Amino acid sequence: MQLIIPDYIKTIVPYPPGKPQDELEREYGVKNSIKLASNENPWGPSPKAIAAVHEAVATLNRYPDGASYYLTQALAAHHGLDTSEIVLGNGSNEMIEFLVKAFIREGLEVICSHPSFLMYEKFTQMRGGRCVVAPLAGMHHNTEAVLAAITVDTRLIFLDNPNNPSGSALTPLTLCDFLARVPEHVVVALDEAYIDFAGPELHLDIHALIRGTKNRCPVVFLRTFSKAYGLPALRVGYGLMPREIAACLHKVRQAFNINSLAQAGALAALNDQAYFRDIVARNRRGRQFLVDHLSRLGCDPLPSETNFIFFDIHADADRLYEAMLYRGVIIRSMRAYGHPSCLRVTVGTDEENTRFLTAIEECLREIRA
Ligand SMILES: *Cc1c(COP(=O)(O)O)cnc(C)c1O
């Protein structure tokens, strides 16, 4: 065999997922572990979504509806947009991939923040594009640094708002000021995976920003069913965008990218807004509980607009991460993100939050001794 692999593929380091629970239980000999590492919804999806998936199983011998007609219609109604302004992806990850496929080739540039979601950079590398990084300032997106990084080769800017891993969000005022200053040839993708958990004052006027592209850069909003809706295993995300961009992204997608179980489950989840609101409220209470207790433990949690909390133990984060694994609690060390004394924990159920706090209190005592 003689492989000729492009350098831009050779140098890609695969995305590091959170430690799977089976693996932890095998390696560390612990039982009843809890995973607070991947920002999942610990209460699960609406029971109506589960029922809809069960029902859809009966049609597995048929190809899915390639247009995801009913889900697209429902999303259009939900957001007050036209179906021509919506594209569905196999997770919002696929939406990121579509944008990069459509706009980036070798020699072209993408700008994103650091630390931020790693997939913006990975997909850019897969196309041989260049990812230019603007470091966060005070754990917020640094819009001035992003603007300063724009060149004639820039095609895309990815901003996760709220940001993963800091949990911070920019205000609509800051964002609109920023968008007004981005050149018209650059597409700005606002990844709103966590916006459902943010306060109403942080929601942008999607309709105005998508339609108002005269003399302004186009904006794409990325949303997902993986977080507040609790359906990450189904893989459904979507983008809201000017119709010209939507038409372009449809050209780079597979005809059947959203499977039938996913279409049915996401539609039922979207239609159960009462359940959705309850999840958001539970998250808000759990988040406040964790912030209060992490503060009491001297861990300086950052204010969070999401379902996770970034905190600083002022000691080796990898050591705490390891010590927590022995107690069956999986969280994330932020060393790989450039913050060696910080960690990120996802809001769990009340029981999980209490277990996390008991374990971290013991571990901190060990580490600080
Ligand atoms: C979790 C997450 C997503 C969701 O990805 P899916 O492919 O929709 O599961 C997107 N963006 C960010 C920043 C995330 O943290």
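Residues numbered from 1 in each chain as written. Predicted model: local features only at pLDDT ≥ 70, side-chain atom pairs only at ≥ 80, totals over all residues. Heavy atoms only, no water.

Draft legend 1. Expanded view of the overall build of the protein chain. Each helix and strand counted, the protein chain has 14 helices and twelve strands in total. For the protein chain, the C-alpha radius of gyration of 21 Å lies close to 21 Å, the compact-globule estimate for 369 residues. Judged by the C-alpha coordinates and their principal axes, the protein chain covers about 60 × 60 × 50 Å. Expressed as a percentage of contacts within the protein chain between residues at least 6 apart in sequence, the contacts between residues at least 24 apart total 74%. Split by element, the accessible area of the protein chain, about 16,600 Å² in all, is 54% carbon and sulfur. Across the protein chain, the mean location of the 37 positive side-chain charges is 2 Å away from that of the 41 negative side-chain charges. (Helix = DSSP H or I, 4+ residues; strand = E, 2+ residues; numbered from the N terminus. Rg over C-alpha atoms; globule rule 2.2 N^0.38 Å. Contact = heavy atoms within 4.5 Å. Areas by Shrake-Rupley, 256 points an atom, 1.4 Å probe, with all protein chains shown as cover. Lys, Arg positive; Asp, Glu negative; His and termini not counted. Charge placed at Lys NZ, Arg CZ, Asp CG, Glu CD.)

Draft legend 2. Representation of the pairing of strand 5 (residues 154–160). Counting buried residues in strand 5 gives six out of seven residues, a clear majority hidden from the surface. One ladder, built from four bridges, connects strand 3 (residues 109–114) with strand 5; its direction is parallel. Within strand 5, the position partnered with Ile111 by the bridge is Ile157. Of the strand pairs in this sheet, strand 5 and strand 6 (residues 187–191) are connected by five bridges, and their pairing is parallel. Directly across from Phe158, in strand 6, lies its bridge partner Ala189. (Buried < 20%, exposed > 50% of the residue type's maximum accessible area, 1.4 Å probe, protein only. Pairing = 2+ DSSP bridges.)

Draft legend 3. A look at the layout of surface pockets. Space inside the largest pocket adds up to approximately 570 Å³. Around the largest pocket sit 28 residues that line it, and Tyr15, Ser38, Asn93, Phe117 and Lys227 are the ones nearest its centre. Of all the secondary-structure elements, those providing two or more residues to the lining of the largest pocket are helix 5 (92–103) and helix 6 (119–126). With three residues, the single largest contributor to the lining of the largest pocket is helix 5. Taken together, the residues that form the lining of the largest pocket break down as twelve nonpolar, nine polar and seven charged. Looking at which domains feed residues into the lining of the largest pocket, each of domain 1 (7–32 + 274–368) and domain 2 (47–272) gives three or more. In this structure, the second largest pocket encloses a volume near 290 Å³. Taken together, 15 residues form the lining of the second largest pocket, with Pro16, Tyr321, Arg332, Ser333 and Ala336 sitting closest to its centre. Sorting the residues of the lining of the second largest pocket by element identifies helix 13 (317–326) and strand 11 (332–333) as the ones contributing at least two each. (1 Å grid on protein atoms, 1.4 Å probe; cavity = no way out; pocket = protein on both sides within 12 Å on 5 of 7 lines; lining within 4 Å. Points joined across faces, edges and corners; volume = space filled by probe spheres on them. Nonpolar A, V, L, I, M, F, W, Y, C, P; charged D, E, K, R; others polar. Domains from an automatic or database assignment.)

Draft legend 4. The site of the ligand, seen in detail. Taken together, 14 residues sit near the ligand, with Asp191, Tyr194, Thr224, Ser226 and Lys227 positioned nearest. In the model, an oxygen atom of the ligand is placed 2.7 Å from a nitrogen or oxygen of the Arg235 side chain. When the ligand is considered free in solution it has 390 Å² of accessible area, and contact with the protein chains removes 93% of it. Here the residues of the shell around the ligand are counted per class, giving four nonpolar, six polar and four charged. (Near = heavy atom within 4 Å. Polar contact = N/O pair within 3.5 Å; in protein donor to acceptor, adjacent residues only side chain to side chain.)

Draft legend 5. Representation of the domain arrangement of the protein chain. Each assigned domain of the protein chain is listed with its residue range as follows: domain 1 (7–32 + 274–368) and domain 2 (47–272). When each unit is reduced to the centre of its C-alpha atoms, the spacing between domain 1 and domain 2 is 25 Å. Between domain 1 and domain 2, the residue contacts involve 26 residues of the former and 30 residues of the latter. Interface area, domain 1 with domain 2, both sides summed: about 2,400 Å², of which 67% is carbon and sulfur. On the domain 1 side of the interface with domain 2, the three residues burying the most area are Phe276, Glu305 and Tyr337, jointly 28% of the side's total. Inspection of the region where domain 1 meets domain 2 yields zero salt bridges. At the junction of domain 1 with domain 2, the criterion picks out ten residue pairs in polar contact (both at pLDDT 80 or more). Elements with a contribution of two residues or more to the side of domain 1 that touches domain 2: helix 1 (7–10), helix 12 (273–296) and strand 9 (308–312). No other element matches the seven residues that helix 12 contributes to the side of domain 1 that touches domain 2. Of the residues that constitute the side of domain 1 that touches domain 2, the class distribution is 18 nonpolar, five polar and three charged. (Buried area = accessible area lost by both parts, 1.4 Å probe. Salt bridge = Lys/Arg side-chain N within 4 Å of Asp/Glu carboxyl O.)

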